[in-house]
Every structure is written in structure tokens, then in C-alpha cells.
Amino acid sequence: MGEEIYMERQDIRNIAIIAHVDHGKTTLVDAMLKQSHVFRSNEKVAERVMDSGDIERERGITILSKNTSVMHDGVKINIVDTPGHADFGGEVERVLNMVDGVLLLVDAFEGPMPQTKYVLRKALEQNLKPIVVINKIDKPDARVAEVEDEVLELFMELDANDEQLDFPVIYANGRDGIAKTDMADEGTDLQPLFKAIIDHCPCPKGDLEGPLQFMVTTLDYDDYVGKIAIGRIVRGSMKPNQNVLLVDGESQRKAKISRVYTYEGLNRVEREDGASMGDIACIVGIPDIKIGETVADPTNPEALPKIDIDEPTLSMIFYVNDSPFAGQEGDFVTSRHLRDRLFREVQTNVSLRVEETGSADAFKVSGRGELHIAVLIEEMRRQGYEMQIGKPSVITKEIKGQKCEPLEALTIDVPQEFMGAVMERLGTRKAEMVNMVDIAGYTRLEFIIPARGLIGFRSEFLTATKGNGIMYHVFHGYAPWKGDIPGRTRGSLVAFEAGETTAYGIYNLQDRGTMFISPAQEIYLGQVIGESNRDVDIDVNPCKKKHLSNTRSSASDEALRLVPPRIMSLEQALEWINDDELVEVTPKSIRLRKAILDKHDRKKAAKKG
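Within any chain, residue numbers begin from 1 and follow the written order of that chain's sequence. Where local features are concerned, this predicted model is filtered to residues with pLDDT of at least 70; where side-chain atom pairs are given and counted, the filter is 80 or more; whole-chain, interface and lining totals use all residues. Side-chain numbers come from the whole structure's heavy atoms, not from hydrogens or water.

(A) Structural context of the overall build of the chain. When helices and strands are tallied, the chain shows 14 helices and 37 strands. A simple rule labels every residue: compare its accessible area, found with a 1.4 Å probe on the protein chains alone, to the largest value its type can have, and call it buried under 20%, exposed over 50%, or partly exposed in between. Sorting the 609 residues of the chain into buried and exposed places 52% on the buried side. Whether two residues touch is decided by their heavy atoms; if any such pair falls within 4.5 Å, the residues are in contact. When contacts within the chain are restricted to residue pairs at least 6 apart in sequence, long-range pairs at least 24 apart make up 72% of them. For every accessible area listed, the method is Shrake-Rupley and the probe measures 1.4 Å; residues are considered covered only by the protein chains on display. Accessible surface, the chain as shown: approximately 27,900 Å² in total, 48% of it carbon and sulfur. Runs of H or I in DSSP of at least four residues are treated as helices and runs of E of at least two as strands, each being numbered from the N terminus.

(B) Expanded view of the environment of Met215. As for its position among the elements, Met215 is in strand 10 (residues 213-222). Sequence separation of Met215 and Thr294 is 79 residues, and the distance between their C-alpha atoms is 4.8 Å.

(C) The arrangement of the UniProt feature "binding site: GTP" (unreviewed entry) in the chain in detail. UniProt positions are given in the numbering used here, feature names are shortened, and annotations may be inferred rather than shown by experiment. Taking the UniProt record as the reference, the feature "binding site: GTP" (unreviewed entry) is found at Asp22, His23, Gly24, Lys25, Thr26, Thr27, Asn135, Lys136, Ile137 and Asp138. Among the secondary structure elements, Thr26 is positioned in helix 1 (residues 25-35).

(D) Focus on the sheet that holds strand 13 (residues 243-248). The strand order 14-13-19-10-11-18-15-16 describes an open sheet built from eight strands, whose pairing is antiparallel. The sheet is open, and its two edges are formed by strand 14 (251-256) and strand 16 (267-270), each paired on a single side. Averaged over all adjacent pairs, the angle separating strand axes in this sheet is 40 degrees, with direction ignored. Alignment of strand 15 (residues 259-264) against strand 18 (residues 280-284), held across four bridges, turns out to be antiparallel. Bridge assignment links Val260 to a residue of strand 18, and that residue is Ile283. Paired strands are those between which DSSP finds at least two bridges. Here, axes are lines fitted to C-alpha atoms. For helices the fit covers the stretch in contact, and angles between N-to-C directions go from 0 to 180 degrees.

(E) Local environment of the packing of aromatic side chains. Think of it this way: a Phe, Tyr or Trp ring, Trp meaning its six-membered ring, pairs with another when their centres are within 6.5 Å, and the plane angle makes it stacked under 30 degrees, edge-to-face over 60, tilted otherwise. The tally for this structure, following the rule as stated, stands at five aromatic pairs. Ring plane angle 85 degrees and centroid distance 5.1 Å describe the contact between Phe516 and Trp576, whose orientation is recorded as edge-to-face. Placement of Phe516 in the loop between strand 32 (513-515) and strand 33 (522-523) and of Trp576 in helix 13 (residues 570-576) is noted, with a sequence separation of 60 residues between them. Whether a charge sits over a ring comes down to the Lys NZ or Arg CZ being within 6 Å of the ring centre and within 35 degrees of the ring normal. Taking NZ or CZ as reference, Lys403 lies 3.9 Å from the ring centre of Trp481, over its face. Across the ring face of Phe496, the terminal group of Lys599 is positioned such that the distance to the ring centre comes to 5.6 Å.

(F) Seen up close, the sheet that holds strand 7 (residues 169-173). Reading across from one edge, 3-4-2-5-6-7-8 is the order of the seven strands in this open sheet, with mixed pairing throughout. The open sheet is flanked by strand 3 (67-72) and strand 8 (178-180), the only strands paired with a single partner. On average, each strand axis in the sheet is inclined to that of its neighbour by 30 degrees, with strand direction left out of account. The pairing of strand 2 (residues 12-19) with strand 5 (residues 101-107) spans five bridges and is parallel. Directly across from Ala16, in strand 5, lies its bridge partner Val102. Packed onto the sheet, helix 1 meets strand 2, strand 3, strand 4 (75-81), strand 5 and strand 6 (129-135) and runs at close to 40 degrees relative to strand 3. Contacts from helix 5 (residues 144-157) reach strand 5, strand 6 and strand 7 within the one sheet, and its direction differs from that of strand 6 by about 155 degrees.

(G) Inspection of helix 8 (residues 335-348) at higher detail. With 14 residues, helix 8 should cover 20 Å at 1.5 Å per step; its first-to-last C-alpha distance of 21 Å lies within 8% of that length. Listed in full, the buried residues belonging to helix 8 are Leu338, Arg341, Leu342 and Glu345. Buried residues of helix 8, seen end-on, are gathered within an arc of 95 degrees and therefore sit on one face of the element. If you follow the buried residues of helix 8, they end up packed against strand 20 (314-319), strand 21 (353-356), strand 22 (362-367), helix 9 (370-382) and strand 23 (387-389). A helix's residues, less one, multiplied by 1.5 Å, set its expected span. Directions from the helix axis toward the C-beta atoms define the arc.

(H) A look at the pattern of salt bridges. Whenever Lys or Arg places a side-chain nitrogen within 4 Å of a carboxyl oxygen from Asp or Glu, that contact is recorded as a salt bridge. Scanning the model with the defined rule gives 24 salt bridges in all. For Arg9, the salt bridge is made with Asp11, and the minimal N-O distance between the two is 3.3 Å. Take Arg9: its relative accessible area is 13%, and that puts it in the buried class. The shortest N-O distance in the salt bridge between Arg444 and Asp413 comes to 2.9 Å.

(I) View of the nonpolar core. As used here, the term nonpolar core means buried Ala, Val, Leu, Ile, Met, Phe, Trp, Tyr and Cys residues forming a set that is joined through side-chain atoms within 4.5 Å. Core analysis: the biggest nonpolar cluster contains 36 residues, and Leu104, Leu120, Val132, Ile134, Val151 and Phe155 have the highest contact counts within it. With five residues, helix 5 is the largest single contributor of residues to this core. Note that the domain bounds were set by an automatic or database domain assignment. Each of domain 1 (7-203) and domain 2 (207-296) accounts for three or more of the residues forming this core. Here Leu120 is in contact with Ile18, Leu104, Leu154, Phe155 and Leu158, once residues within four sequence places are set aside. Counting residues in hydrophobic clusters, the runner-up holds 32 residues, among them Leu342, Tyr385, Met568 and Leu570.

Encoded structure:
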């Protein structure tokens, strides 16, 4: 094969942004796009233009990594966004394979967060060059100097080498599009940030002339062109209509690239002349391409190293909706619809697994946590799907003959007065405290907790801290099963007949528990309409009408004082249900129900079980 000719492409920089949720990553990228004149002056730019999914916008989180590019002084800077939530950790490692440097974005008040630590550790292990951006320096309570020290401590804790410890620091206010290298400077634009990226992020090096190697790190799907494979060209170049081999371990198969795209701003631009080593590019025309495969030259196919992806830790069973209201609100209700949609998701959502079960109407979906799977369910219901979901359960492993379960490293920031309440709740969930520090009026508590101990904890936590706490968790490892964790202590209120609920019926049940329904709502037999005050299920009738007699007018109904019902979000519903219950999800409703609707059948099943 002869000598590889190493070349540097001075006209490109590939950099990933690492930031904690809400530290302003997406806003900073917006400002960079605006200042590099990617948008035409008359173009309407959405706020937080990188988070294109509706769910991403609503929750303010980035789920899928996205690519964009800005031009500065003739250098193309490819910016790859990384997800901050550990539930999307499968994305992180692949993304880092595409870049040579990372931009670590830290909030000038909150400082470095544990979530950032997870991604940063991976970046340092891959020997990427870091640039630190301290953002939101305009905040009234910014503590820039302390945060800078905290970042240095974090790097030392992660065993950064001397070269990595010598990182440049940029102070920025992403919202106003200002960056500076010295806090004393005025700062007018993002020029210092662009300069730091060009000076400190290494340019891509490799063999421009050699046989093609392209690593598929992300997949996208487009209704017009089909599957789009995104990745970095490690060696050589590729052009439209080129014949290639897909290499995956030992197996090889022939394919043909139909078109090649690169990024300009947020758009994919078709490249007739193709793309070459160092470019982050997209290819279309290969319908069965998978993440982690190498697209190689047919004459000299060499695979690039495989990418490891985080194991799923939690699974839920998705069932076809068979409730009495099935098919009333959604367009896709059959098992074929559900199956096709779930298997399509697996093609692009890498840390998700879907398995067939013994029944044609049920599928086991495993992912990186509740949020990971809840986001999928939310996407599906918006696309018109109906389904039922069973209680989440953790995935155990047999290690050295012992049953082991996944553990998560949980970090909690709370005002001191709520500390006791939080620790008490975590105690029953088998959490072990490993660290506690005071930070600017908050206490930061760190725990190691079984993943199943986190199911249902988020909503309890928010109640216990009156909404003032912050929590996040990352996968820690597997350890022997920790024993039983008490589940929900209260039973359900179950409707024993179908009909329309009445104010009178609900009023008579209020002292029995907390209602999930309001008057004039259609319900069915076996639907869970509330939480009981006792530890057993109670069959009730919220559709009861008041009998008229000649002594009372029915108008006195108007005076009934009803307690507002508890409306549950999708995650809360999934957390709340017991093993014999399901969450029915349709485009318009989230209902809770017993898996066996008829109470006599339930009693028979309980006797057998």
C-alpha cells in the first residue's frame, strides 16, 4: 500500500459542544450562526434553532446530536451538538468520533455539572483538545473566578494530561453574542471565540489520496431521499454515484452512494464534487446502512474501530391498544403499525432495543432510562399512534452467578431546608450517599442508587423540594441486587361500569382518595379513575346520578365543591402504575387502566397468580 501521506486541512475545524442542560449551548450556536452571516439578512431565525424537534423545544433539551457549520476567515467550523442527558449517552460517544476538539460550555453561576462531567470524561479519554467557554457572564449572580477554578478541579479529577490542562478560557454572553479573553475587556462580538477555535482546535489530519474510509456515526431519515448516513471522512474522498463496500467486522457488502452532502449553516447542501478527508458529510442511497459501519473503498476495504454504545438499563412492554376506546383518537392502532414504527425507530435511535415477545400484540422496548423511552412514546402519540404501556422494569444481568442490577450515580442540588426530606425518601430506595458539599446556598448531595430506585422518584422529589431541587443521574455500573424497594403504598380507584362521569358521582368519592378525572368525561369499565386512600384497590362508580324526588330540585347539584383532579404527565403515569395496570396513550389522552378490565376476571387471575 506504500506510505500514507499525511496532510492537514487548514480550511476545516471539527468541534463538539459539551454543555449541561440549560447552560446556553443552543443560544450560543445561534449567535455564532448569525455572526458568520449564515442567515440572509431578511431570513427569519427561530430562537434556539438547533433544537428542531417539538419535544426538544418544549422540554428545552437536546436529544439527538445535530450538525451545523459556520464560516470564519475562510475556515469552515463544523459544530456538532452533543446531548447533555445521560439517557442519550449512546449519542455522545459516537459524536466525539467526528471531532478533534471540544468546546466545554459552563454557566457562570452554576459551574460545571455532573452531567457535563460524563461527556467531558469521554472527550478527554479520546484525547480531544478542550476550549472552555464560561457563558452567561451577564448574570447578576455570576461567579466567574470561582467557576474557572471549579473547571480546573474537574479536569484534574478526570486525570487530564498537562496539554489538556493548559486550556484557553473564553468569557461569553451568548444571548448578546459577545465573547472576550479577559473579563476587563468590553467585548463587542464573538471574534475571540472564533479565533480560539481556529487557533486551538487541531485541524483534521489524514491521507487525502488514500482509499476511502468513512465512519457512520449518526443516521437521519428523510421522506424524499430515505436514510441519510452522517459521519466523518477519515481517509480519501467520496463522490456521488461511487461504488463502495460496507464493512462491519468480518462481513462486507457492496453498495453505491447516490448523493453526497455537507453542512452549510443548518442546511445540508448537495456536493456534486463530493467531499474529502476531514469533512463531516452525509450520504444517501444505501437503505440498509447501520451506525458503526465503515464505508470503504472496494479495492482496499479496511474497517475503522467499532464504537461501543451504552447498554439499555430499563425496559417497558408496548401493547396494541385494546381498551374499549381503542381507535377513537388515533390513526395507527394495529400491531403491524406499532411493529413497523418501533423497528423504524431502532434504525436511528441507537441505544434503543426492540424485541418481539411471545404475543404478536406486545413488544419489549429497552432504553437508557425513563426519559429516553418516554420521549419516544410522546413522539409516537403526536404522529397519531395509540398504544398501551406496561410498568417500567430494570434490566438485570447474571454476573459470576449473581443477579446484578444497574446502578446510577445521582446528583441532587437542594436548598438546605429540604435536605432531610430528600434523604429520607432516598433511604427507602436503597440509595447510598457518597458525597456532600455546600455550594452558594445550595447543598449538593451525591448518591449511588439502583436504577429501579429512580423509577417514580422525580415527581416525588419535586413535591418534596417544592420544585426547588435539581436532580440528574448517569449510569454507574452493575452490582448485586439490593433487595426489595417498596413500591406505591396506595391502591387504585377502579370504575366498575362504563358511562359519563357526573359531578355528583365524583363528589361522593372524594373522601375515598385523589381523583384523576373530571365531570362529563367518558370512562370505561376497569379504568383507573383515582388513587385510593387505602392500600387496596376499590371498585367505585363515578357515573352515579342523583335521583330526583319531589322534595329536592336537581339544581342544588350546582353547589357541589369538587377538588381539582390530579392530571398526570406521561412520565408520572408510567411511574405511578402497578404491575397489573397499563397506561393507555393516544394522541389526545393518557388514561390509566387495569390490565384485566372485569373485576371478577381480576379476582380469578389473582387467585391463580
